[in-house]
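The chain contents come next:
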Amino acid sequence: MASISNTRVVRAQFVAQGEKFTAAHVKTETVQINTQLNDGEVLIRNLYLGLDPYTRYLFQNQGSASADLEATVTGLGVGEVVESKASAFPVKSIVLGFGIGWEQYTRMSNPRTLWVIPDPHNPKVPLVEYLGALGANGITAYAAVEALVKFKKDQVVYISSAAGPVGGFLSILAQRQGAFVIGSTGSDDKVEYLLKDLGLNAAINYKTKDLRSELDAVAPKGIDIYFDLVGGETFDIALEKLKPNGQVVAIGNISTYGAKTPYVTKNLNLIITKALTINGFTLFQYLHKFPHFWKEYAPLIANGEIKSQKQTVIKGLENIPQTFADYLDGKYNGKIIVEVANLYQMGTVHSLAQPSIIPDDYNPKIPLAEYSDNLGTNGFIAYAAVETLIRFKKDQVGYTSSSAGPIVEFLSIPAKHQGVFNDIYFDLVSDEVFDIVFEKLKRAALDINLKDTLSD
Ligand SMILES: NC(=O)c1ccc[n+]([C@@H]2O[C@H](COP(=O)([O-])OP(=O)(O)OC[C@H]3O[C@@H](n4cnc5c(N)ncnc54)[C@H](OP(=O)(O)O)[C@@H]3O)[C@@H](O)[C@H]2O)c1
């Protein structure tokens, strides 16, 4: 039975209703997974995982199979198909998927919530965008607006948790339609981000200011549309501030996710007296729109018309427990992405040039990390220099300065030239630069000839 070692994130303990979520609720462990696929299955090498608020639900003991303490936590991720028995997902395709485990490799039995990213090596649209603006957050904002909202110029739009990924994209969409956009958020830094980076008309720190009076001050005639991302008391306040015939698009309830007792809305009567429209939205009805969404919005990200959203990329699955707890605590702004592995581990040369396909990338005896070291640029530079320029003879004496560096570790090339190589191999795409590199390599070879002088 073929198997592979897989580090994964599981629940260490359930989180009780009203209990603060901490890193102690999460743990990482390493297990073996069977890689012998059945028909219809794929094996994905995970590259990036997105942290999302709803994942907290998976830590509540609901007595269902999905709440199994030992199951891998899942969410939205981007990965590379490394084994496939599903023709829609050939090996080497880069996919976005729901149900991707917080782990190195995910074996998917029923890849219905998997989409092939059409142009994954486009340097202007990095893969992390598919977890941010072009991922669940972007499509949530896009589909909610497309399905439910008709913006009119100068309408007053209020968005709660506006500094988050969904709120941020909603803010962009509303501004593009000429709306007057107000956002609320939980820190002064985020307020500054909303005003300076996203260019909102007004931003309110709901933790330090009185939301009611602040909304009155910035929107004295009231609000036309409220995008509710937090629920709870903010929803109640928004009902008060909406104009007659105003609209609520109810997307999230984050303020109530960990609450001991459910929040009871007090202003429901205003829905009737003001003839408000309340639309609930769930992304799961719109997942089929991903290809259409990407076609429309990836070019706008690439040409800078839509600014990429604030992102923090954390490296390593082992950092998930603390990062996720901090995220739920509001300590981050924008999208949090965990880098599990990097598609371009061979270095920048491959992100600028055509990526090289690793020939036997699933060979357990050659871990992928080797392709960022001995089988990557370090090894390649030494190999190319020797193959092109040097004929070793038995018993020759070698001299290498800085012999602890990664290239010289592989083979003796004086380290003072590594700086040159480092500068240059970023540009290895052009033939001209190749020539320059080889010119430098020749000089490196000449320096190796110093050995003769030293041994004399
Ligand atoms: N319906 C759907 O299909 C769908 C899809 C995606 C997301 N959602 C929902 O949309 C909302 C936004 O999602 P997102 O991914 O963009 O995440 P997000 O807005 O970044 O959510 C995390 C942020 O929520 C804020 N928050 C936490 N507790 C709060 C509270 N008690 N009151 C007010 N704000 C609080 C914190 O920021 P502050 O500093 O501002 O407090 C925290 O940083 C969430 O409710 C999410 O569940 C729904």
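What counts and what doesn't
Residues numbered from 1 in each chain as written. Predicted model: local features only at pLDDT ≥ 70, side-chain atom pairs only at ≥ 80, totals over all residues. Helix = DSSP H or I, 4+ residues; strand = E, 2+ residues; numbered from the N terminus. Buried ≥ 20, exposed ≤ 12 C-beta atoms within 10 Å, placed from the backbone. Contact = placed C-beta atoms within 7 Å. Near = placed C-beta within 6 Å. Nonpolar A, V, L, I, M, F, W, Y, C, P; charged D, E, K, R; others polar. Pairing = 2+ DSSP bridges. Axes fitted to C-alpha atoms, helices over the stretch in contact; angles between N-to-C directions. Arc of directions from axis to C-beta.

Per an unreviewed UniProt entry, the recorded name for the protein chain is Enoyl reductase (ER) domain-containing protein, and the organism is Entomortierella chlamydospora.

## Here we look at the overall build of the protein chain
In terms of helices and strands, the protein chain carries 14 helices and 15 strands. Buried residues in the protein chain amount to 34% of all 456 residues. Across the protein chain, contacts joining residues at least 24 apart in sequence account for 69% of those joining residues at least 6 apart.

## What to know about the site of the ligand
The ligand sits among 27 residues. The nearest are Gly164, Gly186, Gly252, Ser255 and Leu283. Those elements that provide at least two residues to the shell around the ligand are α1 (136-148) and α2 (165-176). Here the shell around the ligand is composed, by residue class, of 12 nonpolar, 13 polar and two charged.

## Let's talk about the sheet that holds strand β11 (residues 223-228)
To summarise the sheet geometry, strands pair through backbone hydrogen bonds and adopt either a parallel or an antiparallel arrangement. Taken in spatial order, the six strands make up an open sheet running β10-β9-β8-β11-β12-β13, and their pairing is parallel. Every other strand in the sheet has two partners, leaving β10 (202-205) and β13 (277-280) as the edge strands with one partner each. Sheet twist, expressed as the mean angle between neighbouring strand axes with direction ignored, is 15 degrees. With four bridges joining them, strand β9 (residues 180-185) and β10 adopt parallel strand pairing. Within the sheet, the bridge partner assigned to isoleucine 182 lies in β10 and is alanine 202.

## Comments concerning helix α8 (residues 320-328)
Considered for burial, the residues of α8 that qualify are Ile320, Thr323, Phe324, Tyr327 and Leu328. With its buried residues spanning 130 degrees around the axis, α8 presents them on a single face. Next to the buried residues of α8 lie β1 (3-11), β2 (26-34), β14 (311-315) and β15 (335-339). Trailing α8 by a residue or two, glycine 330 shows a phi angle of about 80 degrees, which is positive.

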